[in-house]
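Breakdown of the fold
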Amino acid sequence: MGSNETFTDNEEAPTYAPSVPVPNVQELIKEDPLQVPQRYVREPEDRPNDTDMSHLSSLVPVIDFSLLLMGNKEELNKLDLACQDWGFFQVINHGVAKEVLQKMKDAAAEFFELPLEEKNKIVMPSNDIQGYGHAYVVSDEQILDWSDALILVVHPSHYRKLKFWPNSPKGIQEIIEEYSNAIRKLGTELLESISLIMGMEKEALLGLHKQLIQAYRVNYYPPCSKPDQVIGVSPHSDTSTITILMQDDGVCGLQLKHNNEWVPVNPIPDALVVNVGDVIEMWSNGKYKSIEHRAVANDNKARVSYASFLFPHDEVEIEPLKHMIHPKTKQQVYKRVKYGDYLRNSMNRKMEGKAHTQMAKVETLA
Ligand SMILES: O=C(O)CCC(=O)C(=O)O
Ligand SMILES: [Fe+2]
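Everything numeric here is computed off the predicted structure, so don't read it as measured data.

Moving on to the environment of Gly-253. When you line up the elements, Gly-253 lands in the loop between β7 (242–247) and β8 (254–258). The spatial distance from the C-alpha of Gly-253 to the C-alpha of Tyr-159 is 31 Å, given a sequence separation of 94 residues. If sequence neighbours within four positions are ignored, Gly-253 has contacts with Arg-294, Ala-295, Val-296 and Arg-303.

Moving on: the site of ligand 1. The environment of ligand 1 is made up of 13 residues, and the closest members are Asn-219, Tyr-221, His-293, Arg-303 and Ser-305. Between ligand 1 and Tyr-221, the relevant distance is 2.6 Å, taken from an oxygen atom to a side-chain nitrogen or oxygen of the residue. The separation between an oxygen atom of ligand 1 and a polar side-chain atom of Asp-238 is 3.4 Å. Protein burial of ligand 1: of its 290 Å² of free accessible surface, 98% is covered by the chains.

Turning our attention to unusual backbone geometry. The omega torsion across His-155 and Pro-156 is 0°, close enough to zero to call that bond cis. Along the chain, Pro-156 turns up in the loop between β4 (148–155) and α6 (172–197). The step from Ser-168 to Pro-169 runs through a cis peptide bond, and the omega angle for that step is 0°. Among the secondary structure elements, Pro-169 is positioned in the loop between β4 and α6. The phi torsion at Asn-259 lies on the positive side, around 45°, for a residue other than glycine.

Time to look at the nonpolar core. One recurring pattern in soluble globular proteins: nonpolar side chains tend to sit buried together. In this structure, Tyr-179, Leu-190 and Leu-272 are the most contacted members of the largest nonpolar core, which totals 98 residues. The dominant element in this core, judged by the number of residues it contributes, is α6, at ten residues. Dropping the residues within four chain positions of it, Tyr-179 is found in contact with Val-100, Leu-101, Met-104, Tyr-216, Met-246, Leu-272, Tyr-306 and Ser-308. Ranked by size, the runner-up nonpolar core spans 13 residues in total, among them Val-22, Leu-28, Val-36 and Cys-224.

On to empty space enclosed by the protein. A water-sized probe, rolled over the atoms, reveals where empty space remains. Enumeration over the complete set of coordinates arrives at two cavities of 30 Å³ or more. Taken as a whole, the largest cavity spans an internal volume of roughly 540 Å³. As for the largest cavity, its lining consists of 39 residues, of which Tyr-136, Arg-217, Asp-238, Phe-309 and Met-351 are closest to the centre. Secondary structure elements with two or more residues in the lining of the largest cavity: β4, β5 (213–221), β6 (233–236), β7, β11 (293–295), β12 (303–311) and α9 (339–347). Ranked by the residues each element gives to the lining of the largest cavity, the list is headed by β12, at five residues. Among the residues making up the lining of the largest cavity, the classes are represented as 20 nonpolar, twelve polar and seven charged. Within this model, the second largest cavity holds a volume of roughly 50 Å³. What lines the second largest cavity is Gln-90, Leu-101, Lys-105, Met-246, Gln-247, Asp-249, Pro-267, Ile-268, Pro-269, Asp-270, Ala-271 and Val-273.

A separate point is the UniProt feature "domain: Fe2OG dioxygenase" (unreviewed entry) in the chain. With numbering aligned to this structure, UniProt lists the feature "domain: Fe2OG dioxygenase" (unreviewed entry) at residues 212–312. Across residues 212–312 one finds 6% helix and 45% strand; the C-alpha atoms that close the span lie 5 Å apart.

Further remarks concern the sheet that holds β11. On the basis of which strands lie adjacent, the open sheet formed by four strands has the order β6-β11-β8-β9 and antiparallel pairing. With one partner strand each, in any of the chains shown, β6 and β9 (261–264) form the two edges of the open sheet. The average angle at which neighbouring strand axes cross in this sheet is 25°, direction not considered. Bridging between β8 and β9 involves four bridges; their strand directions are antiparallel. Bridge pairing in β9 links Lys-257 to Trp-262.

For the pair helix α4 (residues 98–113) and α6, the least separation of the axes is 9 Å and the interaxial angle reads 140°. Between α4 and α6, the angle is such that the two are oblique. For the pair α4 and α6, the sense of crossing is left-handed. Residues Val-100, Leu-101, Lys-103, Met-104, Ala-107 and Phe-111 of α4 pack against Ile-172, Ile-175, Ile-176, Glu-178 and Tyr-179 of α6. Its residues assigned to classes, the contact of α4 with α6 shows nine nonpolar, no polar and two charged.

Thresholds applied
Residues numbered from 1 in each chain as written. Chains lettered and ligands numbered in written order. Predicted model: local features only at pLDDT ≥ 70, side-chain atom pairs only at ≥ 80, totals over all residues. Heavy atoms only, no water. Helix = DSSP H or I, 4+ residues; strand = E, 2+ residues; numbered from the N terminus. Contact = heavy atoms within 4.5 Å. Near = heavy atom within 4 Å. Polar contact = N/O pair within 3.5 Å; in protein donor to acceptor, adjacent residues only side chain to side chain. Areas by Shrake-Rupley, 256 points an atom, 1.4 Å probe, with all protein chains shown as cover. Core = buried A, V, L, I, M, F, W, Y, C linked by side-chain atoms within 4.5 Å. Buried < 20%, exposed > 50% of the residue type's maximum accessible area, 1.4 Å probe, protein only. 1 Å grid on protein atoms, 1.4 Å probe; cavity = no way out; pocket = protein on both sides within 12 Å on 5 of 7 lines; lining within 4 Å. Points joined across faces, edges and corners; volume = space filled by probe spheres on them. Nonpolar A, V, L, I, M, F, W, Y, C, P; charged D, E, K, R; others polar. UniProt positions renumbered as here; feature names shortened; annotations may be inferred. Pairing = 2+ DSSP bridges. Axes fitted to C-alpha atoms, helices over the stretch in contact; angles between N-to-C directions. Parallel < 35°, antiparallel > 145°, perpendicular 65-115°, else oblique. Left-handed = near helix turned anticlockwise from the far one by under 90°.

See below:
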C-alpha cells in the first residue's frame, strides 16, 4: 500500500484470540435436520421475534459508488447521513466485477459442501481464530450461534497462515486473493470518501491505520427447523474500521438495529453491504455509528455471507480526532486505546451487542 506501510515484512504474523472448539452445525443437521440442541436455543427475550420490519428494509441507504469517486457532493452528503443515521449502507456501481463476486460465491459453496474430514484439514486451532470453525466461544455454558465459519487474515501477505487456507476446491486460494484485492481497493476508496466527509484530506484515514490489515470471514448458516429459537450470528458491532459484506442473492438473514428495531438488510443483486466499524465510531467521537447487527437463520435455505474487515495495525493508538470533538462542550466519548488491546479484548469475550466497546469509553460520572 505504498508509503503508508511503515511496518516491514519481517514482522511476525500476530495471533488474535483463543476460542473453545464446538460442534459443526452443518454436520449436526446432516445427522438429523429436525434437531435443535439445547445449546443453540436462545432465551425468549433474545429470540428473533415475529415483528416483521421488512417494510423498513428499503430505507437502508443505497450509495452509488461511481458518484463518490467523482467527488459528487450530493452523494458525499448521502454517505455522511448514512454513516450518522444508519451506520450501514449498500453500495452499487462499486467497480468489483460481477465475475469476481460470482467466482467467490461458487468456490465457497463448493468448499462448504466438502466432507467434514476435508474441511477439517484446516480446522481452527483452540488458541487462535483462523481456519474453519467457530470464533468468540469462551465458555461451555455459552449459547451457540447457528453457523460455521472460515476465517483468514488476508493482508498484509506475511500475516497469512497458509496452513489454514483451503486447498479445495481447486483455485480457491487464488479466488480469495482476487476477491480480497478487489474489496481492498473498494475499501481504500471508501476510506477516502469517509475522510472527506470527516473534513480531512482524502488520504487521512488510510494514513492513520499505519498499515491497513484485512481479515476475511465466510459465514455458513445451515437451515434450521426452528429458526425462531436460534440466532445465526449473535448481535454485535464490528471491531473494524469498516466492513464490506457480500450476501447471497435472494436469501435474507442480516438485520441491523435501528431505533431499537431489527431491520433486515435484504440483498440487492450485485450490491455490497458496508458498515461503519468501532474504529470510525471512536475516531469520529460517536458521530458515525458502529451499529449492532445480527444474522438470523432460515428454515428452508442455507445462507452464506462474506465479510471483509479492514482495520488498523495493532500498534495504532485510537482516540477521537481533535476536530471531531465539539469545541464548546469538549465532550469526549472515547478515550485513547491501543487497537491491538481493543481487538483482543473484544475477541476474548462472547459477542454481546456493544458490550466490548465499554473498555474504550470515557467513564461518565453519574
Ligand atoms: O451474515 C451476515 O450477514 C452478517 C455477518 C457478520 O455480521 C459478521 O461476520 O461480522
Ligand atoms: Fe458483523
